[in-house]
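Per-entry structural report
In case you want the letters, here they are:
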Amino acid sequence: MSRTESSDAAEPTPAAVRLVDVSEAVLEQLLTVAIQDADADEVTPPLGSAAGWNSDRISWFREYHHAAAGLDGPAQQKSWAISSDGELAGSIRLKRTGAGALETGIWLGRSFRGRGIAREALRLVIDRAAASGASVLEADTTAGNAAALVLLRSAGAELEEGEASDAAAVPVKARIALR
């Protein structure tokens, strides 16, 4: 049944979501998803003189995922590709930030948003964070990122707004207790 046909079900069946280690082949597929289906500002820091996806941002993307090979490695972070029904949809990460604390971040391609994929990926990464022995999982976003705020609240995060400034959006720090 297509989504335009009527149905007794209120919501579509959730996708099968998995976290996939980022091998060289997965990295190139993930980069393709990022370039074709996400804004560069959602995925990378502002780099280079040209807006959008440029050679500096593409290089950063590859280097970042190479370095994010494990929580116990030199970068103390791990990234995964998010697979939804066998298709790469985006990426999620964990990074050590202090004793018992990890930070997470996530991005999804536009065509994968609003389908519960981020919620399931966050649940999976919360499980991994707890299994690593962390006591708290943190995330940074902004007050204007409504989708991120809904996602973080759905995971039980406590949200704390920072101070507004002329130069930056209002920051929000999210904390999820793991034990």
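Refer to the structure printed above.
A brief look at the structure comes next. (Residues numbered from 1 in each chain as written. Predicted model: local features only at pLDDT ≥ 70, side-chain atom pairs only at ≥ 80, totals over all residues. Heavy atoms only, no water.)

Overview of the overall build of the protein chain
Tallying secondary structure elements over the protein chain gives five helices and eight strands in all. Secondary structure elements of the protein chain, listed N to C terminal, follow the sequence β-α-α-α-β-β-β-β-α-β-α-β-β. Against the compact-globule benchmark of 16 Å for 179 residues, the protein chain has a radius of gyration of 17 Å, which places it among compact chains. Along the three orthogonal principal directions, the C-alpha set of the protein chain runs to about 50 × 40 × 40 Å. By residue count, 39% of the 179 residues in the protein chain fall in the buried class. Contacts in the protein chain between residues far apart in sequence, at least 24 positions, make up 54% of those at least 6 positions apart. When the accessible surface of the protein chain is split by element, carbon and sulfur atoms take 50% of a total near 10200 Å². In the protein chain, which carries 18 positive and 25 negative side-chain charges, the distance between the mean positions of the two groups comes to 4 Å. (Helix = DSSP H or I, 4+ residues; strand = E, 2+ residues; numbered from the N terminus. Rg over C-alpha atoms; globule rule 2.2 N^0.38 Å. Buried < 20%, exposed > 50% of the residue type's maximum accessible area, 1.4 Å probe, protein only. Contact = heavy atoms within 4.5 Å. Areas by Shrake-Rupley, 256 points an atom, 1.4 Å probe, with all protein chains shown as cover. Lys, Arg positive; Asp, Glu negative; His and termini not counted. Charge placed at Lys NZ, Arg CZ, Asp CG, Glu CD.)

Description of the nonpolar core
Ranked by internal contacts, the top residues of the largest apolar core, which has 29 residues, are Leu19, Ile82, Leu94, Ile117, Val125 and Leu137. At the level of elements, β1 (17-21), β3 (77-84), β4 (87-98), β5 (101-108), α4 (117-131), β6 (136-142), α5 (146-154) and β8 (171-177) are the ones that each hand at least two residues to this core. If you look at the next biggest cluster of nonpolar residues, it comprises 13 residues, including Val20, Leu30, Leu31 and Leu88. (Core = buried A, V, L, I, M, F, W, Y, C linked by side-chain atoms within 4.5 Å.)

Things to note about the pattern of salt bridges
A full pass over the atoms with the stated rule returns 11 salt bridges. Here lysine 173 and aspartate 140 are joined by a salt bridge, their closest N and O atoms 3.1 Å apart. A residue pair is termed long-range when its members are at least 10 positions apart, and lysine 173 in strand β8 and aspartate 140 in strand β6 qualify at 33 residues. The exposure class assigned to lysine 173 is partly exposed, which follows from its relative accessible area of 24%. Here the salt bridges share partners, and the residues they tie into one network are Glu120, Arg123 and Asp127. (Salt bridge = Lys/Arg side-chain N within 4 Å of Asp/Glu carboxyl O.)

Section: the side chain of lysine 78
With respect to the helices and strands, the residue lysine 78 is situated in strand β3. Within the structure, lysine 78 has its side chain in polar contact with the side chain of aspartate 21 (distance 2.8 Å). For lysine 78, the contacting residues outside a window of four places in its chain are Asp21, Ala68, Ala69, Gly70, Leu71, Ile92, Arg93 and Leu94. (Polar contact = N/O pair within 3.5 Å; in protein donor to acceptor, adjacent residues only side chain to side chain.)

Notes on the packing of aromatic side chains
Enumeration according to the criterion identifies three aromatic pairs in this entry. Between tryptophan 60 and tyrosine 64, the ring centres sit 5.1 Å apart and the planes meet at 15°, which makes this aromatic pair stacked. Taken together, the residues span about one helical turn, with tryptophan 60 and tyrosine 64 both in helix α3 (residues 55-67) at a distance of four residues. Exposure remark for tryptophan 60: the relative accessible area of 26% places this residue in the partly exposed category. (Phe/Tyr/Trp six-rings, centres within 6.5 Å; stacked < 30°, edge-to-face > 60°.)

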